[in-house]
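Here's the letter readout for the chains.
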Amino acid sequence: MTTMTFLQLNDVHGYLHEHPEWFLQDGKETFRQVGGYARLKTMIDRIRAEEEHVLLFDNGDTFHGTYPVVKTKGESLIPILNELGFDAMTGHWDFAYGPEHLQQLVQQLHYPFLANNCFQKETDELLFPPSMLLPVGDTMIGIIGIASPIIDKTMPASFSEGVYFTNGDERLQEEIDHLKERGAELIVILSHLGFPQETKLAESFDDIDIILSGHTHNRLTEPATVNDTLLIQSGCHGSFLGKLTVTVERGKIVHYTHDLLEAEASIPEHAETKALVDEAMAPFEQSLQQVIGTTELPLHCLFLLLFKQRLLDFIINCTNKQF
Ligand SMILES: [Zn+2]
């Protein structure tokens, strides 16, 4: 019997620092300062100090989003991500600088990028390892990555130069069987399909124990359970750390607890990580301090669909550019 904790970050989108995050409190909209990799590192360290077996996963949309991250094509994030100490990641916007550049980024990480569904056009070979085995206490875990399948369908062509993506379910059973043959007792999917597709996946496959879900930015305050599979997703922008603790006996989850932990402002920032974040921000700090306009409306991603045109008008006004 082993008790282990899965920590999840998904869809951080380059939010290195804390930021105002939208909440509904007593039926009213409110914003609170939350997030930032330095604060998340404190939260992760505290859990690692308290518990014996702690794993940390990143569902992707990591190497893209904010100006400092995009300007360095994700490079500025490398020391920060390595400091947090993930066990594996998968991705989506992470392909924004082309698959070759993503491979270069991944080579610098101390952990693998897993994708069961990204193939090289020329050879039909997988571009990244599809899965990994991880011994945790006396339990062997098999983790399978599924990257976003829309990268070669709805994103600019350069994102998928030389590669193509499948939906991730085509060779999934084969991969599960392969991991089980090699001793995996618990099957975990690290996915960037999006919550609706992931619930479908859980319905269609009987051997999946846990799905770490990404892409759709859902704040799940408790796991969804579908066909005996536990699904968690933990908001976005590093505002939350998802925490799922499971007790596994003979390959079955016999008990679980879950918390969606808010990276709240009262949590101190981890000094070394903060220094790395400051270093990543330093070349851009001055230009980011420049005020280019003000708004009385909250320009939050949740309202983006509602205010998209207004936001575009605002950007066009400020930059004199056409889109
Ligand atoms: Zn995404």
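Residues numbered from 1 in each chain as written. Predicted model: local features only at pLDDT ≥ 70, side-chain atom pairs only at ≥ 80, totals over all residues.

Peer 1: Is there a simple way to explain helix H6 (residues 195–204) in this structure?
Peer 2: Count 3.6 residues to each turn of an α-helix, and residues three or four apart come out pointing the same way. Three or more residues of H6 are buried, namely Gln197, Glu198, Leu201 and Ala202. One side of H6 holds all its buried residues, which, seen down the axis, span an arc of 145°. Summarising the geometry of H6, the exposed residues directed more than 90 degrees from the buried face are Pro196 and Glu203. Looking at the buried positions of H6, the neighbouring elements they touch are strand E10 (186–191), strand E11 (210–212), strand E12 (224–226) and strand E13 (229–232). (Buried ≥ 20, exposed ≤ 12 C-beta atoms within 10 Å, placed from the backbone. Helix = DSSP H or I, 4+ residues; strand = E, 2+ residues; numbered from the N terminus. Arc of directions from axis to C-beta. Contact = placed C-beta atoms within 7 Å.)

Peer 1: Would you explain the pairing of E10 in this entry?
Peer 2: The two faces of the sheet receive side chains in turn, since in a regular strand these alternate between them. Of all six residues in E10, six are buried; the element is thus mostly enclosed. Where strand E8 (residues 139–146) lies against E10, six bridges are found, and the strand directions are parallel. Opposite Ile146, over in E10, you have Ser191 as the bridge partner. In the sheet, E10 pairs with E11 via three bridges, with the strands oriented parallel. Across the sheet, residue Ile189 finds its bridge partner in E11, namely Ile211. (Pairing = 2+ DSSP bridges.)

Peer 1: Just to check I follow, could you spell out the nonpolar core for this structure?
Peer 2: Among soluble globular proteins, nonpolar side chains are generally buried collectively. Of all hydrophobic cores here, the largest spans 73 residues; its most connected members are Val188 and Leu212. The contact partners of Val188, leaving out residues within four places of it in the chain, are Ile141, Gly142, Ile143, Asp209, Ile210 and Leu212. (Core = buried A, V, L, I, M, F, W, Y, C linked by C-beta atoms within 7 Å.)

Peer 1: I would appreciate a short explanation of the sheet that holds E11 in the present structure.
Peer 2: Within a sheet, adjacent strands bond to each other through the backbone by hydrogen bonds, running parallel or antiparallel. What the six strands build is an open sheet, ordered E7-E8-E10-E11-E13-E12; its pairing is mixed. Only two strands of the sheet have a single partner each, and these edge strands are strand E7 (131–136) and E12. The sheet shows a mean angle of 25° between the axes of neighbouring strands, taken without regard to direction. (Axes fitted to C-alpha atoms, helices over the stretch in contact; angles between N-to-C directions.)

Peer 1: Teacher, can you tell me more about the pairing of strand E4 (residues 54–58) here?
Peer 2: For E4, the buried fraction is high: four of the five residues fall into the buried class. Where strand E1 (residues 2–9) meets E4, five bridges bridge the pair, whose relative direction is parallel. Looking at E4, one finds that Leu9 is bridged to Asp58. Of the pairings in the sheet, the one linking E4 to strand E5 (residues 88–89) comprises two bridges and is parallel in character. Bridged to Asp58 within E5 is Met89.

Peer 1: Hey, could you run me through the UniProt feature "domain: Calcineurin-like phosphoesterase" (unreviewed entry) in the protein chain in this one?
Peer 2: In this numbering, the UniProt entry assigns the feature "domain: Calcineurin-like phosphoesterase" (unreviewed entry) to residues 4–218. For residues 4–218, helix accounts for 26% and strand for 26%, while the C-alpha atoms at its two ends are 23 Å apart. (UniProt positions renumbered as here; feature names shortened; annotations may be inferred.)

Peer 1: Just checking my understanding: could you explain the environment of Phe128 for this structure?
Peer 2: Inspection of the secondary structure assignment puts Phe128 in the loop between strand E6 (118–120) and E7. Residue Phe128 is classed as buried on the basis of its C-beta count, with 21 C-beta atoms lying within 10 Å. Spatially, the C-alpha atoms of Phe128 and Pro112 are 8.4 Å apart, while their sequence positions differ by 16 residues. Setting aside its immediate chain neighbours within four residues, Phe128 contacts Phe113, Leu114, Ala115 and Cys118.

Peer 1: What am I meant to see in unusual backbone geometry here?
Peer 2: Comment: phi is negative for the bulk of residues other than glycine, and the bulk of peptide bonds are trans. Unlike most non-glycine residues, Asp124 shows phi in positive territory, near 60°. Considering the arrangement of structural elements, one finds Asp124 in the loop between E6 and E7. With 8 C-beta atoms packed within 10 Å, Asp124 lands in the exposed category. Although it is not a glycine, Asn227 sits at a positive phi angle of roughly 50°. Position of Asn227 relative to the elements: it lies in the loop between E12 and E13.

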